[in-house]
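If you want the building blocks of each chain, they are given just below.
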Amino acid sequence: MGSGEPNPAGKKKKYLKAALYVGDLDADVTEDMLYKKFRPAGPLRFTRICRDPVTRSPLGYGYVNFRFPADAEWALNTMNFDLINGKPFRLMWSQPDDRLRKSGVGNIFIKNLDKSIDNRGLFYLFSAFGNILSCKVVCDDNGSKGYAYVHFDSLAAANRAIWHMNGVRLNNRQVYVGRFKFPEERAAEVRTRDRATFTNVFVKNFGDDMDDEKLKELFSEYGQTESVKVVRDASGKSKGFGFVRYETHEAAQKAVLDLHGKSMDGKVLYVGRAQKKIERLAELRRRFERLRLKEKSRPPGVPIYVKNLDESIDDEKLKEEFSSFGSISRAKVLTEVGQGKGFGVVCFSSFEEATKAVDEMNGRLVGSKPLHVTLGQARRRW
């Protein structure tokens, strides 16, 4: 994320004083390149590129830890948005305690930005209103997507920015500047507003013979439609769902009330308000969180570690090789860029099953290699 302007003494007590976060890094940037880039600013303790724990691919950000806070502050105030490997990077104080970021306090959202405004330009536009912790224009392969986030270190600074910048024209475009809202909050607002005004209806669970004309005939009874579409795959086969857009909310609501749950050709129709994208994403997040909590609450079982695996062994084959020894809750081959690392973990439901697997599988030839199998620690999660 972006950086801040010079801080008064004591202002950064909540940050790790001599460590900087470096974002938007090119995938080829190494620790050595970071070291050479920042060494002129002062003595360094270390540099680190953050990587995926499994594939070891770089994640596009890292850290630079200086010996002295003054050197870190000088780098922050003079080197932000410099180039490394031909790409501008973003600096901010490293924040080990991420409660401020997760709280959303001081965070604002900007949209309808001209595509010529980059991270550097955004930072200097908003730095007049307070100390900026982070600043990012959201981009894809084609450049700016026209919206951005700025996180100030106080709610007062964020409110000043909203008051002065909302509705201002930047490069002939009137920008919106408002309080940042978490996806769940925005989804709830959209849901509340759309329930009273929706005209787009989602339909699923109909037969393969349903086409646009038949769907239109079914739904036209409730009002004038603007568009009717049965969604199909690449081969032209119906995916079993579609959309109907009415001219009025009243027609859409009547169709939902009348057709939802109706039996058609042995199937029960689902008919409801078509959700906005933000609502669907929020629902996916909720499902993921439920699965994560469910997984977290599961007993870890008793793992065994399997080394010297043949490259042809994947998760399913690993599970198959050990399934005769008991109930397996999980089998995983650790991979690196699609290729096996020769190491896997199998988790049994009991100590006895795990011990039996170790006794009988250690040294057994699987594929072209003899396995090395050892008992893990039951208290560890993996």
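Before any of the text, the structure's been laid out above.
Not measured: the values here are computed from a predicted model.

A. Up close: the overall build of the protein chain. Each helix and strand counted, the protein chain has eleven helices and 24 strands in total. The contacts of the protein chain with a sequence gap of at least 6 include a subset with a gap of at least 24, amounting to 65%. Of the roughly 21700 Å² that the protein chain leaves accessible, carbon and sulfur atoms contribute 51%.

B. Up close: the side chain of Thr 47. In this structure, Thr 47 sits in strand β2 (residues 44-51). For Thr 47, a relative accessible area of 13% puts it in the buried group. Among the polar contacts made by the side chain of Thr 47, one reaches the main-chain carbonyl oxygen of Glu 31 at a distance of 2.9 Å. Apart from the residues lying within four places of it in its own chain, the contact partners of Thr 47 are Glu 31, Leu 34, Tyr 35, Tyr 63 and Val 64.

C. View of the packing of aromatic side chains. The full count for this structure, using the stated rule, is 18 aromatic pairs. An angle of 75° between the planes, with centres 5.0 Å apart, marks the rings of Phe 123 and Tyr 124 as edge-to-face. Judged by relative accessible area, Phe 123 falls into the buried class, the value being 6%. The class for Tyr 124 is exposed, based on a relative accessible area of 51%. An aromatic cluster is defined as three or more aromatic residues linked by ring pairs; in this entry it consists of Phe 109, Tyr 147, Tyr 149 and Phe 180. Seen from the ring of Tyr 176, Lys 111 lies directly overhead, with NZ or CZ sitting 5.2 Å from the centre. Directly above the ring of Tyr 270 sits Lys 204, whose terminal nitrogen or CZ lies 5.2 Å from the centroid.

D. Layout of the sheet that holds strand β6 (residues 90-93). If you trace the four strands from one edge of the open sheet to the other, you get β2-β3-β1-β6, paired in antiparallel fashion. Each of the sheet's edge strands pairs with one partner strand only, and the pair in question is β2 and β6. Taking the axes of each pair of neighbouring strands and ignoring which way they run, one obtains an average angle of 20° across the sheet. Relative to β6, strand β1 (residues 19-23) runs antiparallel, the two being bridged by four bridges. Of the residues in β6, the one forming a bridge with Val 22 is Leu 91. On the sheet, helix α1 (residues 31-38) packs against β1, β2, β3 (58-66) and β6 and is oriented at approximately 140° with respect to β2.

E. Quick peek at the sheet that holds strand β18 (residues 270-273). Ordered in space as β14-β15-β13-β18, the four strands form an open sheet in which the pairing is antiparallel. The open sheet has two free edges, formed respectively by β14 (225-232) and β18, since each of these has just one partner strand. On average, each strand axis in the sheet is inclined to that of its neighbour by 20°, with strand direction left out of account.

F. Spatial organisation of the pattern of salt bridges. Throughout the structure, instances matching the rule amount to eight salt bridges. Measuring nitrogen to oxygen at the nearest pair gives 3.3 Å for the salt bridge that ties Lys 36 to Asp 32. Placement of the pair is Lys 36 and Asp 32 together in helix α1, with a separation of four residues, close to one helical turn. Overall, Lys 36 belongs to the exposed group, its relative accessible area being 60%. A residue is classified by how much of its surface remains accessible, and Asp 32, at 43% relative accessible area, is partly exposed. Taken together, the salt bridges that share partners define one network made up of Asp 24, Arg 90 and Lys 136.

About the criteria used
Residues numbered from 1 in each chain as written. Predicted model: local features only at pLDDT ≥ 70, side-chain atom pairs only at ≥ 80, totals over all residues. Heavy atoms only, no water. Helix = DSSP H or I, 4+ residues; strand = E, 2+ residues; numbered from the N terminus. Contact = heavy atoms within 4.5 Å. Areas by Shrake-Rupley, 256 points an atom, 1.4 Å probe, with all protein chains shown as cover. Buried < 20%, exposed > 50% of the residue type's maximum accessible area, 1.4 Å probe, protein only. Polar contact = N/O pair within 3.5 Å; in protein donor to acceptor, adjacent residues only side chain to side chain. Phe/Tyr/Trp six-rings, centres within 6.5 Å; stacked < 30°, edge-to-face > 60°. Lys NZ or Arg CZ within 6 Å of the ring centre and 35° of its normal. Pairing = 2+ DSSP bridges. Axes fitted to C-alpha atoms, helices over the stretch in contact; angles between N-to-C directions. Salt bridge = Lys/Arg side-chain N within 4 Å of Asp/Glu carboxyl O.

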